[in-house]
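Fold and contact review
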Amino acid sequence: MSAGWRTLLLRIGDRCPEYGGSADHKEHIDICYNVLSREYEHSKDDIFEFLLQCAEQLPHKIPFFGVLVGLINLENEDFAKGIVDTTQANLQDALHNENSDRVRILLRFLCGLMCSKVILPNSIIETYEILLSAAATILDEEAGNPSWQPRADFYVYCILASLPWGGSELFEQVPDELERVLVGIESYISIRRHFDDIAFSVFETDEGNSPNKKDFMEDLWDRIQVLSRNGWKVKSVPKPHLSFEAQLVVGKSHRFPSVSCPPPIFTMSVSEILKGQEKHEANLKYPQRLRRLHIFPTNKAENMQPVDRFVVEEYILDVLLFFNGCRKECAFYLVSLPVPFRYEYLMAETIFSQLLLLPNPPFRPIYYTLVIIDLCKALPAAFPSVVVAAVHALFDRISNMDTECRTRLILWFSHHLSNFQFIWPWQEWASVKGLPKWAPQRVFVQEVLEREIRLSYFEKIKQSIEDAAELEGLLPPKAGPNFRYQTDESKESTDSHRLSKELVGMVRGRKTTRDIILWVEEQIVPANGAKFAVGVVSQTLLDIGSKSFTHLITVLERYGQIISKLCPDEKMQLLLMDEVSAYWKNSTQMTAIAIDRMMGYRLISNLAIVKWVFSPANVDQFHVSDRPWEILRNTVSKTYNRVSDLRKEIQTLRKNIQVAKEASAKAIKELEEAKSVLEVIEGQPVPSERPGRLRRLQAFADKAKEEEVTTEDSLEAKEALLARGLEEGKELLRLLFKSFVHVLTERLPPVSADGDVPNLRAGDPNVTIPAGDPEVATMEIDNENGADNNGQLNGQNTKAGYSIGELEQWCLCTLGYLKSFSRQYATEIWSHIALLDEEVFVGSVHPLIQKAAFSGLCRSISDGSHL
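Every chain's residues receive numbers from 1 upward, in the order its sequence appears when written. Given that the model is predicted, a residue must reach a pLDDT of at least 70 before its local features are reported, and side-chain atom pairs must reach 80 or more before they are shown or counted; all residues, however, enter totals for whole chains, interfaces and linings. Side-chain metrics in this entry use all non-hydrogen atoms of the structure; hydrogen atoms and water are not considered.

This part is about the overall build of the chain. Numbered from the N terminus, helices here are DSSP runs of H or I no shorter than four residues, and strands are runs of E no shorter than two. In terms of helices and strands, the chain carries 34 helices and two strands. The 867 residues of the chain split such that 53% are buried. We call two residues in contact when some of their heavy atoms are within 4.5 Å. Of the contacts formed within the chain by residues at least 6 apart in sequence, a portion of 76% connects residues at least 24 apart. Values of accessible area rely on a 1.4 Å probe in the Shrake-Rupley scheme; residue burial ignores everything except the protein chains shown. Of the accessible surface of the chain, which amounts to about 39,700 Å², a share of 50% is contributed by carbon and sulfur atoms. Each residue is assigned to one of three classes by its accessible area relative to the maximum for its type, calculated with a 1.4 Å probe on protein chains only: buried under 20%, partly exposed between the two thresholds, exposed over 50%.

For this document, the term salt bridge refers to a Lys or Arg side-chain nitrogen within 4 Å of an Asp or Glu carboxyl oxygen. If you walk through the whole model with that rule in mind, you get 52 salt bridges. Between glutamate 404 and arginine 823 there is a salt bridge, and its shortest N-O distance comes to 3.5 Å. You can see glutamate 404 sitting in helix α18 (residues 403-418) and its partner arginine 823 sitting in helix α31 (residues 804-824), a full 419 residues away along the chain. You can call glutamate 404 buried: its relative accessible area is 9%.

Below, the discussion takes up the side chain of serine 116. Secondary-structure assignment places serine 116 in the loop between α6 (100-115) and α7 (121-139). Polar contact criterion, stated in full: a pair of N or O atoms within 3.5 Å, where within protein one must be able to donate a hydrogen and the other to accept it, and residues adjacent in sequence count only if both atoms are side-chain atoms. Polar side-chain contacts of serine 116 include one of 3.2 Å to the backbone oxygen of glycine 66. Within polar-contact distance, the side chain of serine 116 engages the backbone nitrogen of valine 67 at 3.3 Å. If we skip the residues at most four places from it in the chain, serine 116 touches Gly66, Val67, Gly70, His241 and Leu248.

Moving on, we get to helix α23 (residues 530-544). Take the residue count of a helix, subtract one, and multiply by 1.5 Å to get its expected span. With 15 residues, α23 ought to run about 21 Å at 1.5 Å a step, and its terminal C-alpha atoms sit 21 Å apart, in line with that. Taken residue by residue, α23 has Ala533, Val534, Gly535, Val536, Val537, Ser538, Gln539, Thr540, Leu541 and Leu542 as its buried positions.

Attention now goes to the environment of phenylalanine 483. Tracing the sequence through the fold places phenylalanine 483 in the loop between α20 (458-464) and α21 (495-508). On the basis of relative accessible area, phenylalanine 483 is assigned to the buried category, the value being 14%. C-alpha separation for the pair phenylalanine 483 and tryptophan 584, spaced 101 residues apart in sequence, amounts to 8.5 Å.

Two residues of an α-helix separated by three or four positions point the same way, owing to the 3.6 residues in each turn. When helix α14 (residues 327-334) is considered as a whole, its buried residues turn out to be Cys330, Ala331, Tyr333 and Leu334. Looking straight down α14, one finds its buried side chains confined to an arc of 165°; they lie on one side. Summarising the geometry, the arc corresponds to the directions from the helix axis toward the C-beta atoms.

All right, on to the nonpolar core then. Note on soluble globular proteins: their nonpolar side chains tend to be buried together. Judged by nonpolar contacts, the single largest core of 160 residues is most densely connected at Phe352 and Trp426. The leading source of residues in this core is helix α8 (residues 149-173), at twelve residues. Tryptophan 426 has contacts with Phe413, Leu417, Val445, Val448, Leu449, Glu452, Ser464, Ile465, Ala468 and Leu471, leaving out every residue within four places of it along the chain. Ranked by size, the runner-up nonpolar core spans 90 residues in total, among them Leu552, Ile631, Leu848 and Ala853. Buried Ala, Val, Leu, Ile, Met, Phe, Trp, Tyr and Cys residues that are joined via side-chain atoms within 4.5 Å together make up what is termed a nonpolar core.

Further remarks concern the packing of aromatic side chains. What characterises a pair of aromatic rings is the spacing of the ring centres plus the angle enclosed by the ring planes. Put simply, two rings from Phe, Tyr or Trp (the six-membered ring, in Trp's case) pair if the centres are within 6.5 Å, and we call them stacked under 30 degrees between planes, edge-to-face over 60, tilted for the rest. Within this structure, the stated rule accounts for 37 aromatic pairs. Plain terms: the ring middles of phenylalanine 395 and phenylalanine 444 are 5.8 Å apart, the flat faces sit at 55° to each other, and that makes the pair tilted. Placement of the pair is phenylalanine 395 in helix α17 (residues 383-396) and phenylalanine 444 in helix α19 (residues 440-455), with a sequence separation of 49 residues. Its relative accessible area of 5% is what places phenylalanine 395 among the buried residues. Judged by relative accessible area, which is 1%, phenylalanine 444 ranks as buried. An aromatic cluster is built from Phe614, Phe622, Trp629, Tyr640, Phe740, Trp810, Tyr817, Phe821 and Tyr825, whose rings are joined through pairwise contacts.

Right, let's talk about the packing of α6 against α8 for a bit. Each pair of packed helices gets described by two things: the angle between the helix axes and the distance between those axes. For the pair α6 and α8, interaxial distance at closest approach is 9 Å and the crossing angle is 20°. It follows from the interaxial angle that α6 and α8 lie roughly parallel. The hand of the α6/α8 crossing is right-handed. Here Ser100, Val103, Arg104, Leu107, Arg108, Cys111, Met114 and Cys115 of α6 come into contact with α8, specifically with Phe154, Tyr157, Cys158, Ile159, Ser162, Trp165, Gly166, Glu169 and Leu170. Tallied by class, residues from the contact of α6 with α8 come to eleven nonpolar, three polar and three charged. As a rule, the C-alpha atoms of each element are fitted with a line to give its axis, helices using only the stretch in contact, and angles between N-to-C directions run from 0 to 180 degrees. Each angle receives one of four descriptions, namely roughly parallel if under 35 degrees, roughly antiparallel if over 145, roughly perpendicular if within 65 to 115, and oblique otherwise. By definition, turning the near helix anticlockwise from the far helix through less than a right angle yields a left-handed crossing, and turning it clockwise yields a right-handed one. Under the scheme applied here, ten amino acids are nonpolar (Ala, Val, Leu, Ile, Met, Phe, Trp, Tyr, Cys and Pro), four are charged (Asp, Glu, Lys and Arg), and all others, including Gly, are polar.

Between α17 and α18, the least distance of the axes is 13 Å, while the angle of their chain directions is 145°. Considering only the axes of α17 and α18, their crossing is left-handed. Where α17 abuts α18, its residues Val387, Val391 and Leu394 lie against Leu409, Trp412, Phe413 and His416.

By the element assignment, glutamine 288 lies in the loop between α12 (272-285) and α13 (306-322). Residue classification places glutamine 288 among the buried positions, given a relative accessible area of 13%. Polar side-chain contacts of glutamine 288 include one of 3.0 Å to the backbone oxygen of leucine 290. When sequence neighbours within four positions are dropped, the list of residues in contact with glutamine 288 reads Phe195, Asp197, Phe216 and Leu357.

The next subject is the environment of threonine 127. Positionally, threonine 127 belongs in helix α7. As for threonine 127 and valine 259, which are separated by 132 residues in sequence, their C-alpha atoms are 7.0 Å apart. In this structure the side chain of threonine 127 is engaged in a polar contact, spanning 3.0 Å, whose partner is the backbone oxygen of serine 123.

The next subject is the environment of valine 259. Note on placement: valine 259 falls in the loop between α11 (245-248) and α12. Taking the C-alpha atoms as reference points, valine 259 and glutamine 92, 167 residues apart in sequence, are found 5.7 Å from one another. Discounting chain neighbours no more than four positions away, the residues touching valine 259 are Gln88, Leu91, Gln92, Leu95, Thr127 and Ile130.

Okay, unusual backbone geometry next. In the segment running from leucine 358 into proline 359, the intervening peptide bond is cis, with an omega of 5°. Tracing the chain through its elements places proline 359 in the loop between α15 (344-355) and α16 (365-378). At glutamate 98, a position not held by glycine, the phi torsion is positive, near 60°. Unusually for a residue other than glycine, histidine 294 sits at a positive phi of about 55°. Structurally, histidine 294 can be placed in the loop between α12 and α13.

Time to look at the state of the cysteines. By disulfide we mean two sulfur atoms from cysteines, separated by a distance within 2.5 Å. Considering all chains together, one arrives at zero disulfides under this definition. In this structure cysteine 158 is not part of a disulfide, and its nearest cysteine sulfur, from cysteine 261, lies 10.0 Å away.

This brings us to the confidence of the model for the chain. Overall, the predicted model of the chain reaches an average pLDDT of 86, with 88% of residues at or above 70. One number per residue, pLDDT, summarises how confident the predictor is, and it ranges from 0 to 100. When the criterion is pLDDT under 50, residues 13-17 qualifies, and its contacts beyond four places in sequence or with other chains add up to eight contacts. Under a pLDDT of 50 for its full length, residues 770-796 has, in the predicted model, 62 contacts with residues more than four places off or in other chains.

Dropping the structure here:
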């Protein structure tokens, strides 16, 4: 940004009031226009860039900027024509670069310019028809590629999304042409494939499909039809141009040049896998922007027209988009949207929908956390109560919430409370203590309290729930190490205690790693075995590093080779993780950190971690604790982050090689040119350049060549690491899915003889599970709410020793995490889909397992072969 532009922004900021819902639009525009007029002669280029960038980055103010351009058009038609041409170039660039947000906002800006008489209405219609034609072509089996329907949907979505800003003007000036566009959209809606996003729904009401549910395109089309029937009246879109209509009408309207859409991506393959990969790629490039949560009942949420709700959602999403990283400014603009009604409930719903959006939120969850905190401070009399109502509403439906969304909600809620002194009416949730340990509401409260302790300390959180003393039983044990070889005068000292003490002395005496390894191999392993040595060494080193995270890192860096020597294979690494878990049994956080760091130093392999997570002791915790899942999430994430980082580094190195080659070639050329200039001295041709300059040129050429070779060597090493990382990722994915299939197959209720897939929701009379060992004690509580079931299955136990209700919850939870990994790593799954089909999903795999495993791909599979 130039100095002149900064000065201009400051002047306008000082002299222009904020453009909000209750502001006088005419007065506001007059003031800003006068400022621009005075600065025009000195800052013409800056004003040009200023208006274009503001229109794109403050899209909720587009009607205002449209009027400003319209007023300038009265005085300087060339300036306005330049705005139109640059907007066309930007739109063309956005279409071909697949910048979906920019395309959508520039179409809205075109409507703002059209309302201010800067652009001819027919130009808007032409642009709409170009997009509509491109969308129809994509769906054509012969001329297009239906796998790219998300792009076609996006084009039509952009048209519909811009109509609240320009529909009324188009209806008044070119009604027949507008009707033609609407008929074309209706035709498109009728031929497109319905998008069923049940796998990406926050709430899982049932396991079946929902054929009557409208998808996002059908929903928006319905809203626009209602708007059309109501005469295109939209309360939420300001119309400042009406206050200047008498002036604007005399201005020249410019023609908007035509744009072109990128041609359809053709494929000659008939492979369903390749088609599925294409659909997945298209969904990544043109993602669905919002999935409404509908948290609040209709009697609480603001009563507004369907299209007004859509417009306010667009405002909120745009502010979140363009002020990502600027939390204060984001909150400021969110509370001052240009609408004449209150929208706190809708704002909360929209923000939570983004926080819980599947498969990933648009931005890091911490961003939404900070925005909600700032909104509570900006609207202290209104927004905190809305957030409380949202939490209660989500808590009431927690048993039907997707497991990944449940985890995000736990992380957000604990962080949010940490910013408000951990104050919450816990007594309202005290009853969850009476629920079974696996009930979702009880687990939610338990995990929130555990996360709060991470952000504070045990006594503080215990004090915060003193009004709900029953919940103290859900607090985790007070964090602290559980050192097996702690010296205690009351206990008899054993060989293990002596060896541990001796190891501590060696560490404190600064013995080298080699010396300690020799001591272990000579003093511990021969007499006691490798398993015993792993226990003594790992527990002792963990205790030395237990004071802080930094201490742990230091110990692993200095003495990691000892652990690596003792644990060369997966069998020994499993024992090592058992020791870590035992030492930090009172701290979920430190267990996860220690295992994560050990993986980082390659003391433990990712495959060993997966096997450990799916060991019987951890499997029994799947539905009652996030402890194993946190470790598994960290492991899979770190594995694929390594691959992602290596790809970025390789891309950078390839660019650097090109630069190094050009520099080397230039240096060699200069050297050769210098050597080629000769002169005759005493009858002999000799270089005319001074020897000192030739030596410098030679040194430059040698250095440039050395840098080129070094960069090429680095690239070769990184490519080798990438190949290794990809292979590790493939093996990890295979083992992960095999593990899920194994544990789920053991516990899932079978498919009925008629082929009916069981519904795992508690109380389903069609769920029948063979009874287990009759000697296993019958659990008294076997449904989610802690009440006894008087039905046929009451008191029945399963093969795993669970009651029917608990087993159902275990299955739902485990299937939920399988679904979560499927969505999160759908790209990697598509890369290895053939391997999974050949090695994992062979034989009669339970339909519920297949459905969860491929849920991240279900919107990309047309024939449903994996569902």
